[in-house]
Amino acid sequence: TLHTSTDDQFGFASVTEEINEAVLKNDQPAAAARINELMMKEKNITLNIAITGESGAGKSTFVNALRGLCDDDEGAAPTGVTESSMDPKPHFHPDYPNVILWDLPGIGTLKYPADSYLRYVGFEKYDFFIIIAAARFKENDVKLAQEIQRMKKKFYFVRSKIDNDINAERRKRDFSAERTLTEIRDDCVKGLRGLGIESPQVFLVSSFELHLYHFSLLHETLDRDLPAHKRDALLCATPNINPEIIRKKKQALKSKIKYWATLSAAGAAVPVPGLSIVVDAALLVGVVTDYVHAFGLDIPSLKRLSARTGVPYADLCAVIISPLAAANITTELLLKVIAQLESVAALIAAEKVFRWIPFIGIPIAMGLSSTKTIKDQILNLILDKLTEDAQRVFKKALG
Ligand code: GDP
């Protein structure tokens, strides 16, 4: 992602400039320090999403679906229970604790006017609000939306449980899913207009099937509305609901390879060769582990996907090709995988360390190579292979 200077509350642009400068001057320690700073800044970006609506509207189920959890998973928000808590309840994403979904009590539950309600739930901290209803939106929802707007925050209407509506309509002879969706959406929009919202954004969603209906559209809209520095946080935490999301994740991860490769090369500049390999491999293990998590290819994510979709875990694993997916990523495993990448031997040959290979093996020759080109290409190759696995798993589970 590009962090442009117009969107630089977090100082991304200035750090990026400093990195480029240090790289140009071939000042590896300075580049490494600045890159670490940039990565820390990124890790510390939080996304606070407020989910509100009447009790029973489907807030908890939506919160769980967004996190890829089953309602009975450990750490899942309890669903189907009458609201007991009067306080906003934070739910953390299992892989990205910086992405927090806040289950807010319904405004009707608290019986506060909209402005007191927003103050009570601490409206400043939320990046945006999602107002959920299982049928028509009511006056309370509209009052809340208007107050959110007055507070200069964004809101989106989600009409939940669309699978129920579709299933009921399906019994009719002239059933058309497309027409049913249009009718429900128009009805919601008309209702909201009647209550005073000019051009409401309404998304029809089933929390049991996020890959269907309007959830993808909701994601695109949020992505467009969010400031640039928050987009990656939203993207990484979004389940793989379509091939496009997987492609976007790949792009986001790819854009950072140059930084990792620079860092890794800086590690290789340590004058003790044995040590440099360890430093280097540890860094690459960290990066590759991040990839696997972003694509949901780690064992816990695959198990959750299996539980949510009913596709057996073994069937999901069967379409995976990369040995790095559905595995515990260790230095040994990573070096083995790298050594087996088709083009690595050629790359190393081009780097003129090939004459060492018969004696010390490819992984070590790699570690000895101090240029960042090889690391750059290795990460790109690994990322490509994991992306392909993610696409295959998606197709198997939901395609
Ligand atoms: P909350 O009180 O707003 O948190 O609502 P819950 O998430 O507990 O949901 C209330 C009930 O609606 C539960 O029985 C859920 O299983 C059900 N529900 C929630 N979302 C959906 C959905 O998208 N489709 C269907 N069919 N049922 C849903």
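Residues numbered from 1 in each chain as written. Predicted model: local features only at pLDDT ≥ 70, side-chain atom pairs only at ≥ 80, totals over all residues. Heavy atoms only, no water.

- As recorded by an unreviewed UniProt entry, the protein carries the name Interferon-inducible GTPase 5-like and is attributed to Pundamilia nyererei.

Overview of the overall build of the protein
(1) Moving on: Scanning the protein from terminus to terminus reveals 20 helices and six strands.
(2) Moving on: Relative to its 399 residues, the protein shows a buried fraction of 48%.
(3) Moving on: Sequence-distant contacts in the protein: of pairs separated by 6 or more residues, those separated by 24 or more amount to 67%.
(4) Moving on: Looking at the protein as shown, the accessible area adds up to about 19,100 Å², and 55% of this sits on carbon and sulfur atoms. (Helix = DSSP H or I, 4+ residues; strand = E, 2+ residues; numbered from the N terminus. Buried < 20%, exposed > 50% of the residue type's maximum accessible area, 1.4 Å probe, protein only. Contact = heavy atoms within 4.5 Å. Areas by Shrake-Rupley, 256 points an atom, 1.4 Å probe, with all protein chains shown as cover.)

Points about the nonpolar core
(1) Moving on: Core analysis: the largest hydrophobic core is formed by 76 residues, its most contacted members being Leu297 and Leu386.
(2) Moving on: Broken down by element, this core gets its largest block of residues, 10 residues, from helix 20 (residues 372–398).
(3) Moving on: Once residues within four sequence positions are removed from consideration, leucine 386 is found in contact with Val288, Tyr291, Val292, Phe295, Leu297, Ser322, Leu324 and Ala325.
(4) Moving on: Counting residues in each nonpolar core, the second largest holds 33 residues, with Trp102, Ile107, Leu144 and Val202 among its members. (Core = buried A, V, L, I, M, F, W, Y, C linked by side-chain atoms within 4.5 Å.)

Overview of the pairing of strand 3 (residues 99–103)
In the case of a regular strand, side chains alternate between the two sheet surfaces.
(1) Moving on: The buried fraction of strand 3 is high, at five of five residues.
(2) Moving on: The alternating pattern of strand 3 places Val99, Leu101 and Asp103 and Ile100 and Trp102 on opposite faces, both of which are buried.
(3) Moving on: In the sheet, strand 1 (residues 47–53) pairs with strand 3 via five bridges, with the strands oriented parallel. In the sheet register, alanine 50 faces strand 3, and the bridge partner there is tryptophan 102.
(4) Moving on: As paired strands, strand 2 (residues 89–92) and strand 3 are joined by four bridges and run antiparallel to one another. (Pairing = 2+ DSSP bridges.)

Notes on the site of the ligand
(1) Moving on: Close to the ligand lie 16 residues; Gly56, Ser60, Thr61, Gly80 and Asp163 are nearest.
(2) Moving on: Here an oxygen atom of the ligand sits 2.5 Å away from a polar atom, N or O, in the side chain of threonine 61.
(3) Moving on: Asparagine 164 is positioned with one of its side-chain polar atoms (N or O) 3.2 Å from a nitrogen atom of the ligand.
(4) Moving on: Burial of the ligand by the protein chains amounts to 83% of its free accessible area of 580 Å².
(5) Moving on: Residue assignment for the shell around the ligand shows that the elements contributing at least two residues are helix 3 (59–66) and helix 7 (162–170).
(6) Moving on: Examining the composition of the shell around the ligand, we find that three residues originate from one element, helix 3, more than from any other.
(7) Moving on: Residues belonging to the shell around the ligand are distributed by class as follows: two nonpolar, 10 polar and four charged. (Near = heavy atom within 4 Å. Polar contact = N/O pair within 3.5 Å; in protein donor to acceptor, adjacent residues only side chain to side chain. Nonpolar A, V, L, I, M, F, W, Y, C, P; charged D, E, K, R; others polar.)

Things to note about the pattern of salt bridges
(1) Moving on: On inspection of all chains with the given rule, the structure shows 18 salt bridges.
(2) Moving on: Among the ionic pairs, arginine 136 bridges to aspartate 187, the shortest N-O distance being 2.9 Å. A residue pair is termed long-range when its members are at least 10 positions apart, and arginine 136 in the loop between strand 4 (128–133) and helix 6 (139–150) and aspartate 187 in helix 8 (residues 177–194) qualify at 51 residues.
(3) Moving on: Accessibility expressed as a relative area gives 31% for aspartate 187, which makes it partly exposed.
(4) Moving on: Put simply, aspartate 389 and arginine 392 hold a salt bridge, and the shortest N to O gap is 2.6 Å. With aspartate 389 and arginine 392 both in helix 20 and three residues apart, this pair spans about one turn of that helix.
(5) Moving on: Judged by relative accessible area, which is 29%, arginine 392 ranks as partly exposed.
(6) Moving on: Sharing partners across several salt bridges, the network here consists of Glu18, Arg34 and Glu37. (Salt bridge = Lys/Arg side-chain N within 4 Å of Asp/Glu carboxyl O.)

Let's talk about the environment of aspartate 103
(1) Moving on: Position of aspartate 103 relative to the elements: it lies in strand 3.
(2) Moving on: Sequence spacing of aspartate 103 and serine 60 is 43 residues, and the spatial spacing of their C-alpha atoms is 6.8 Å.
(3) Moving on: Within the local environment of aspartate 103, its side chain forms a polar contact with the side chain of serine 60, the two groups lying 3.2 Å apart.

Overview of the environment of cysteine 317
(1) Moving on: You can see cysteine 317 is positioned in helix 15 (residues 313–318).
(2) Moving on: Overall, the relative accessible area of 24% leaves cysteine 317 in the partly exposed class.
(3) Moving on: Residues cysteine 317 and aspartate 389, 72 residues apart in the sequence, show an inter-C-alpha distance of 9.5 Å.

Looking at helix 7
(1) Moving on: Residues Ile162, Asp163 and Ile166 constitute the buried set of helix 7. Looking down the long axis of helix 7, one finds its buried residues gathered within 100° of arc, a one-sided arrangement. (Arc of directions from axis to C-beta.)

Some points on unusual backbone geometry
Glycine aside, negative phi is the norm for most residues, and most peptide bonds take the trans geometry.
(1) Moving on: Positioned with a positive phi, lysine 161 is a non-glycine residue whose angle comes to about 60°.
(2) Moving on: Structurally, the position occupied by lysine 161 is in the loop between strand 5 (154–159) and helix 7.
(3) Moving on: Note on lysine 161: relative accessible area 31%, which makes it partly exposed.
(4) Moving on: Within the chain, tyrosine 213 stands out as a residue other than glycine whose phi angle is a positive 60°.

Brief notes about the packing of aromatic side chains
(1) Moving on: Following the criterion strictly, the structure yields seven aromatic pairs and no others.
(2) Moving on: Ring centres 5.5 Å apart and planes at 75° place the aromatic pair tyrosine 112 and tyrosine 120 in the edge-to-face group.
(3) Moving on: Both rings, one in phenylalanine 155 and one in phenylalanine 157, keep their centres 5.6 Å apart while their planes meet at 70°; by these two values the pair is edge-to-face. Grouping residues by exposure puts phenylalanine 155 and phenylalanine 157 together as buried.
(4) Moving on: Ring pairs connect the aromatic residues Trp102, Tyr126 and Phe129, which therefore count as one cluster.
(5) Moving on: Residue placement shows lysine 125 over the ring face of tryptophan 102; its charged tip is 4.8 Å from the ring centre.
(6) Moving on: Residue placement shows lysine 258 over the ring face of tyrosine 259; its charged tip is 4.7 Å from the ring centre. (Phe/Tyr/Trp six-rings, centres within 6.5 Å; stacked < 30°, edge-to-face > 60°. Lys NZ or Arg CZ within 6 Å of the ring centre and 35° of its normal.)

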